[in-house]
Amino acid sequence: MTNDDNWNEYVVDMETCTECNGQFLENYVGELECQSCGIIDGQALDTGKEWRVFSDGSGANQERTGMAPTWMLHDKGLTTDIDWRNRDHAGGRISGDFAKRLRRIRTQHKRTRIRNSTERNLVSALSELNRLASQMTLPQPIREEAAYIYRKSVEAKLVRGRSIEGVVAASLYAACRMRGNPRTLDEVGLHSRTGRKEIGRTFRAIRRELGLDVSPAQPEGYIPRFCGDLGLPANVEGRALLILRQVSDTSMMAGRGPTGIAAAAVYLSSRMGESKRTQREVSQAAGVTEVTIRNRYREICEALEIDPENPTVPEILLR
DNA sequence: AAGACGAAAGTGGTTGA
DNA sequence: TCAACAACTTTCGTCTT
């Protein structure tokens, strides 16, 4: 029996899932999540359509009121669209003078959607935002948050004297941290035309001027991504998070870079089980040096009284 | 040969006078 | 504005597996 095998017996003390008899385990945002079917706290998510039927109940009509407003479109998605096809409501062809008129209306409509230079800027900034977020594979809520921060920055005239790209990158960086899915400045800088330095400077300005409540990045936030990049199984990830939770009360965290701590926790967790990773592999996934991992590793082992040579799951982590 | 270790010097950012 | 400072990186020789 490996360490990895008996690990789960101690961590999981929750009931079993009513849907599939799988085990509930606390995920990193503190919800109870079924390990096999992913249901949160016994509540299955309804992935069905939200169409409501007001007419004959046959379900043939699919009424609703359009998509939810989004900060990702310059007009928040509140607009009317005119179909580009020359067809009437029944699908019949529209031709002749009326088709000509329709073409004219479409042109005018396009012009009214983008009214002034501010909106034009917003359009290009938001497309840059989307490009960046896509390259970094960021989820929709973070993009929304970033778009909102960017809008506020424009309102506060923070783009004056700064590049649009810089403000976009800084907004994204801030949104990632605020949503507990932190990225390093290096990472954002890698995908943006602006460098790490400028993004950092701009981020500080935005935070100060908008009074954003951005707490320091928590090492926990990096764990899922590092483990994913390293192809580590879920139990190693869960154990790394528990290690962090134990160590977070100690003084070793003070003043240390969160990425280094997270990297060391992943490295330690991987060494406790069968799927081991080298310092080099972890350092590349985490963007810190092996030396830093070694130092944090030593400190974590010291704090948790773990033998660095032959790390086993310590008593304090079992309950 | 690869991985781990640790010393020593260098770098970039923060802090406090 | 500048120097001190801590964290982190780079580099490199040595030891272990």
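Residues numbered from 1 in each chain as written. Chains lettered and ligands numbered in written order. Predicted model: local features only at pLDDT ≥ 70, side-chain atom pairs only at ≥ 80, totals over all residues. Heavy atoms only, no water.

K.L.:
Whenever I open this one, the overall build of chain A confuses me. Can you help?
P.N.:
When helices and strands are tallied, chain A shows 12 helices and two strands. Counting from the amino terminus, helix and strand elements in chain A follow one another as α-β-β-α-α-α-α-α-α-α-α-α-α-α. In chain A, buried positions account for 39% of the 319 residues. Sequence-distant contacts in chain A: of pairs separated by 6 or more residues, those separated by 24 or more amount to 62%. As displayed, chain A offers around 19,000 Å² of accessible surface, 47% of which is attributable to carbon and sulfur atoms. (Helix = DSSP H or I, 4+ residues; strand = E, 2+ residues; numbered from the N terminus. Buried < 20%, exposed > 50% of the residue type's maximum accessible area, 1.4 Å probe, protein only. Contact = heavy atoms within 4.5 Å. Areas by Shrake-Rupley, 256 points an atom, 1.4 Å probe, with all protein chains shown as cover.)

K.L.:
Got a minute to help me understand the nonpolar core in this structure?
P.N.:
Counting residues in hydrophobic clusters, the biggest one holds 35 residues, and the most contacted among them are I223, I243, V247, V266, L268 and I300. Looking at which element gives the most residues to this core, the answer is helix 10 (residues 258-272), with nine residues. Every residue in contact with L268, bar those within four places of it in the chain, is listed here: I243, Y297, I300, C301, I306 and P311. Within the second largest apolar cluster, 30 residues are counted, among which are L132, Y173, I199 and I206. (Core = buried A, V, L, I, M, F, W, Y, C linked by side-chain atoms within 4.5 Å.)

K.L.:
Looking at this model, I keep getting lost on the protein's contact with DNA strand B. Mind explaining?
P.N.:
Around DNA strand B sit R196, K197, R204, Y267, T278, Q279 and R294, and those are all the residues in its vicinity. The sugar-phosphate share of atoms of DNA strand B within 4 Å of the protein amounts to 56%. The contact in question runs from a phosphate oxygen of DNA strand B to an N or O atom on the side chain of Y267, over 3.3 Å. Of the residues forming the surface near DNA strand B, the biggest block, three residues, is contributed by helix 7 (residues 196-210). Here the residues of the surface near DNA strand B sort into one nonpolar, two polar and four charged. (Near = heavy atom within 4 Å. Polar contact = N/O pair within 3.5 Å; in protein donor to acceptor, adjacent residues only side chain to side chain. Nonpolar A, V, L, I, M, F, W, Y, C, P; charged D, E, K, R; others polar.)

K.L.:
Sorry if this is basic, but what is going on with the pattern of salt bridges here?
P.N.:
Close approach of charged atoms allows side chains of opposite charge to pair. Counting across every chain of the model gives 10 salt bridges. Connected through shared salt-bridge partners, R256, R296 and E299 make up one network. (Salt bridge = Lys/Arg side-chain N within 4 Å of Asp/Glu carboxyl O.)

K.L.:
Before we go on, may I ask you to explain the protein's contact with DNA strand C in this structure?
P.N.:
Lining the immediate surroundings of DNA strand C are G255, R256, G257, G287, V288, T289, V291, T292 and R296. The share of sugar and phosphate among atoms of DNA strand C within 4 Å of the protein is 82%. Contact distances for DNA strand C include 3.1 Å between a phosphate oxygen and a side-chain N or O atom of T289. At a separation of 2.3 Å, a phosphate oxygen of DNA strand C approaches a polar side-chain atom of R296. Split by residue class, the surface near DNA strand C holds two nonpolar, five polar and two charged.

K.L.:
What's the story with helix 9 (residues 234-247) in this structure? I'm lost.
P.N.:
For an α-helix, the turn length of 3.6 residues means that residues three or four places apart are oriented alike. The end-to-end C-alpha distance of helix 9, which contains 14 residues, comes to 20 Å, matching closely the 20 Å that a straight helix rising 1.5 Å per residue would cover. Those residues of helix 9 that fall on the buried side of the exposure criterion are N235, V236, R239, A240, L241, I243, L244 and V247. (Expected span 1.5 Å × (residues − 1).)

K.L.:
Just checking my understanding: could you explain the side chain of N181 for this structure?
P.N.:
Topologically, N181 is positioned in the loop between helix 5 (164-178) and helix 6 (185-191). Among all residues touching N181, those that are not within four sequence positions of it are P139, I142, C176 and R225.

K.L.:
I'm lost on helix 11 (residues 279-286) in this one. Help?
P.N.:
Those residues of helix 11 that fall on the buried side of the exposure criterion are Q279, V282, S283, A285 and A286. Summarising the axial view, the buried residues of helix 11 lie within an arc of 165°, below the 170-degree limit, and thus occupy one face. Along helix 11, the residues that are exposed and aim more than 90 degrees away from the buried face are R280 and Q284. For helix 11, the secondary structure elements touched by its buried residues are helix 8 (223-229), helix 10 and helix 12 (290-304). Looking at the residues trailing helix 11, positive phi occurs at G287, about 70°. (Arc of directions from axis to C-beta.)

K.L.:
Looking at this structure, how should I read the confidence of the model for chain A?
P.N.:
The predicted coordinates ought not to be read in detail in places where the model reports low pLDDT. On average, residues of chain A carry a pLDDT of 78, and 69% of them reach 70 or more. Confidence drops under a pLDDT of 50 for residues 1-14, and excluding neighbours within four residues, the segment shows 31 contacts in the predicted structure. Predicted confidence for residues 44-48 stays below pLDDT 50, and this span has one contact to residues more than four positions away or in other chains. (pLDDT = per-residue confidence, 0-100.)

K.L.:
Is there a simple way to think about the side chain of R225 in this case?
P.N.:
When you line up the elements, R225 lands in helix 8. Residue R225 is classed as buried on the basis of its relative accessible area of 15%. A distance of 2.9 Å separates the side chain of R225 from the backbone oxygen of P182, its partner in a polar contact. One polar contact links R225 to E187, side chain to side chain, over a distance of 2.7 Å.

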